[in-house]
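What follows is each chain in one-letter form.
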Amino acid sequence: MNNLTQTKSEMAAAGRDEPAELERLRARSELLASRPLQGLRIVQVVENLPVPFDRRVWIEARTLAAAGAEVSVICPTGKGHDKRRERLDGIEIYRHALPIEAKGALGFALEYGTALLMESWLTARIYFTRGIDVIHGCNPPDLIFLVAMLFKPFGVKYLFDHHDINPELYEAKFNKRGFFWKLMRFFERRTFKAAQISIATNESYKAIAVERGDMNPDDVYVVRSGPDLSRVMPVEPVPEWKAGKTYMVGYVGVMGEQEGIDLLLQSIRHIVHDLDRHDIHFCLVGGGPALDDLKNMADGLKVADYVTFTGRAPDKDLFEILSTADICVNPDRVNRMNDLSTMNKIMEYMAMGKAMVQFDVKEGRVSAGEASLYAAANDSTDLAEKMLALLADPEQCAKMAAYGKKRVHDELSWDYQIPNLIAAYQRLMPKAN
């Protein structure tokens, strides 16, 4: 983590020398300087993304290390993150390959089974070479507790970091319940039962831990996925990303079946072909299992010339795109999964000073507030109309952007999450107090 002097210099260069931010930075610096987790040996286990690409896991790891812990991370390999063993920022990273990117029941069984074997092997390797006090499991899936249970007899504690509500995720992907949905609920209950402490990304997830997981509310800590403002900040716009158009709309996120990119493409078709607008480009950053299908859909809708799919992109491209965008969009469908989940992209848009349009999901409104316009549920035409309305009103757009940026800087950035993360560990390991 940057020290206070370095971060103050960065703030001054970015024009963010505000008293509230200075106080936030001072409090963070003093807390971490006290090394409250000195000597604690932590292993974070994450399956769905490599580190440091997984921003939440990586910022947690760096924070825990800055607080004095010895941190190791077990994760899969991925594009640009192929080394099986690497040390970054004082954190030991152990990566393993996965056989496939799962589709269907057999694919998920193969992926999860392979991941569990590799996670168990690497955890044992770390236990016998470095020692482990805490296994910090990051879902999905809700199976990492099985790894933790192997080491429970040796006094290793389990902290569950609740990233996704898997029963709702299953229902959103397959539009049904049934046997596998019940299996997701079973694994969720077992996960909460195995965990001594749970971390929730918002109050909705905390309620699930308490109500469905039967956890003591005092053992559930809300640690939001706030952006690290020492890294997520605007850069000079790069007009080339606009592909010769007057305006650009930005999107960052996973290209999956439940992210609503198909609805966004329908919105673009409405803008281009129904409304005859040819002056807007859409730049969509992210990879995922549906990327090729979405590219084919863009071709089928005859909007491919108005859309850039970057795939997974380095931070340089990501920040250039968000800085160049006139507005941003979050097309997550209104369903129970998205209604209760906090999306990282929303706070990244706000941190970059961008107004946005999204469907009216509960936690999306909690995070963005007045930084967003809200389209009718899953209505691609209304999403298109809201984007056009925002682009047509630069004054309102600037006002919304300023509100969002201030909200992130004053309430939601990662620096405000650090005390709760440290407190969760201190409750789990009283010796860390």
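Before any of the text, the structure's been laid out above.
Because the structure is a prediction, the values reported are computed rather than measured.

**Comments concerning the sheet that holds strand S4 (residues 91-96)**
Alright, step 1. If you walk across this open sheet you meet the eight strands as S3-S4-S2-S1-S5-S6-S7-S8, and the pairing is mixed. Taken across any chain shown, the strands that pair with only one partner, and hence form the sheet edges, are strand S3 (85-88) and strand S8 (220-222). When strand polarity is set aside, the average angle formed by the axes of neighbouring strands in this sheet is 20°.
Alright, step 2. In this sheet, S4 lies alongside S3 in antiparallel orientation, the contact comprising four bridges. Residue Arg87 lies in a different strand from S4, and its bridge partner there is Glu92.
Alright, step 3. Contacting strand S6 (157-162), strand S7 (197-200) and S8, helix H8 (residues 203-211) runs over the sheet at an angle of about 170° to S8.

**Looking at helix H9 (residues 261-274)**
Alright, step 1. Between its first and last C-alpha atoms H9 spans 19 Å; for 14 residues at 1.5 Å apiece the expected length is 20 Å, and the two agree.
Alright, step 2. Turning to H9, its buried residues number three or more, namely Ile261, Leu263, Leu264, Leu265, Ser267, Ile268, His270, Ile271 and Val272.
Alright, step 3. Positive backbone phi, approximately 60°, marks Asp276, located one or two places after H9.

**Describing the packing of H9 against helix H10 (residues 291-300)**
Alright, step 1. It is the contact of H9 with H10, at a shortest axis distance of 10 Å, that shows an interaxial angle of 20°. The orientation of H9 with respect to H10, classified from their angle, is roughly parallel. Along this stretch, H9 crosses H10, giving a crossing that reads as right-handed. Counted together, Ile261, Asp262, Leu265 and Gln266 of H9 and Leu294, Met297 and Ala298 of H10 form the full contact between these two elements.
Alright, step 2. Among the residues making up the contact of H9 with H10, the classes are represented as five nonpolar, one polar and one charged.

**Overview of the packing of H9 against helix H15 (residues 380-391)**
Packed helices, taken two at a time, are described by their axes: the angle between them and the distance between them.
Alright, step 1. Direction vectors running N to C along H9 and H15 enclose 65°, while the axes themselves pass 8 Å from each other. The element H9 and its partner H15 pack so that their crossing is right-handed. Contacts between H9 and H15 pair Leu263, Leu264, Gln266, Ser267, His270 and Ile271 from the former with Ser380, Thr381, Leu383, Ala384, Glu385, Met387 and Leu388 from the latter.

**Section: the packing of aromatic side chains**
Alright, step 1. Per the stated rule, a full pass over the model turns up eight aromatic pairs.
Alright, step 2. Between Phe160 and Phe192 the ring centres are 5.4 Å apart and the planes differ by 80°, which places this aromatic pair in the edge-to-face class. Within this pair, whereas Phe160 is found in strand S6, its partner Phe192 is found in helix H7 (residues 179-194), the two being separated by 32 residues in sequence. Each member of the pair, Phe160 as well as Phe192, carries the same accessibility label: buried.
Alright, step 3. For the pair Phe186 and Phe187, a centre-to-centre distance of 5.7 Å together with 55° between the ring planes defines the contact as tilted.
Alright, step 4. Of the residues examined, Phe186 reaches a relative accessible area of 39% and is grouped as partly exposed.

**Observations regarding the nonpolar core**
Alright, step 1. Core analysis: the biggest nonpolar cluster contains 64 residues, and Leu265, Ile268, Phe282, Leu284, Phe309, Met350 and Met387 have the highest contact counts within it.
Alright, step 2. Looking at this core element by element, the count peaks at seven residues for H9.
Alright, step 3. Contacts of Leu284, omitting those with residues within four sequence positions, involve Tyr251, Met255, Ile261, Leu264, Val307, Thr308, Phe309, Thr310 and Gly311.
Alright, step 4. Listed in part, the 36 residues of the second largest apolar core include Ala124, Phe151, Ala200 and Val220.

**Some thoughts on the pattern of salt bridges**
Alright, step 1. Inspection of every chain in the model, using the stated rule, returns 27 salt bridges.
Alright, step 2. For the salt bridge of Arg62 with Asp228, the shortest nitrogen-to-oxygen distance reads 3.3 Å. On the criterion of sequence distance, the pair formed by Arg62 in helix H3 (residues 55-66) and Asp228 in the loop between S8 and strand S9 (247-252) is long-range, its members being 166 residues apart.
Alright, step 3. The class for Arg62 is buried, based on a relative accessible area of 8%.
Alright, step 4. Among the residues examined, Asp228 registers a relative accessible area of 8% and is labelled buried.

**A look at the environment of Ala243**
Alright, step 1. Within the element layout of this structure, Ala243 appears in the loop between S8 and S9.
Alright, step 2. Taking relative accessible area as the criterion, Ala243 reaches 41% and is therefore assigned partly exposed.
Alright, step 3. Separated by 126 residues in sequence, Ala243 and Leu117 place their C-alpha atoms 46 Å apart.

**Concerning the side chain of Ser267**
Alright, step 1. With respect to the helices and strands, the residue Ser267 is situated in helix H9.
Alright, step 2. Here Ser267 falls in the buried class, since its relative accessible area comes to 0%.
Alright, step 3. Of note is the side chain of Ser267, whose polar atom sits 2.6 Å from the backbone oxygen of Ser380.

**Considerations on the environment of Arg28**
Alright, step 1. Examined against the element boundaries, Arg28 turns out to sit in helix H2 (residues 19-33).
Alright, step 2. When its relative accessible area of 5% is taken as the criterion, Arg28 is described as buried.

**Points about the side chain of Glu168**
Alright, step 1. For Glu168, the location among the structural elements is in helix H6 (residues 166-174).
Alright, step 2. Overall, the relative accessible area of 6% leaves Glu168 in the buried class.
Alright, step 3. A distance of 2.7 Å separates a polar atom in the side chain of Glu168 from a polar atom in the side chain of Arg212.
Alright, step 4. Of the polar contacts made by the side chain of Glu168, one reaches the side chain of Arg336; its length is 3.3 Å.
Alright, step 5. The contacts of Glu168, once residues within four sequence positions are left out, are Arg212, Arg336 and Met337.

Thresholds, definitions, all that
Residues numbered from 1 in each chain as written. Predicted model: local features only at pLDDT ≥ 70, side-chain atom pairs only at ≥ 80, totals over all residues. Heavy atoms only, no water. Pairing = 2+ DSSP bridges. Helix = DSSP H or I, 4+ residues; strand = E, 2+ residues; numbered from the N terminus. Axes fitted to C-alpha atoms, helices over the stretch in contact; angles between N-to-C directions. Contact = heavy atoms within 4.5 Å. Expected span 1.5 Å × (residues − 1). Buried < 20%, exposed > 50% of the residue type's maximum accessible area, 1.4 Å probe, protein only. Parallel < 35°, antiparallel > 145°, perpendicular 65-115°, else oblique. Left-handed = near helix turned anticlockwise from the far one by under 90°. Nonpolar A, V, L, I, M, F, W, Y, C, P; charged D, E, K, R; others polar. Phe/Tyr/Trp six-rings, centres within 6.5 Å; stacked < 30°, edge-to-face > 60°. Core = buried A, V, L, I, M, F, W, Y, C linked by side-chain atoms within 4.5 Å. Salt bridge = Lys/Arg side-chain N within 4 Å of Asp/Glu carboxyl O. Polar contact = N/O pair within 3.5 Å; in protein donor to acceptor, adjacent residues only side chain to side chain.

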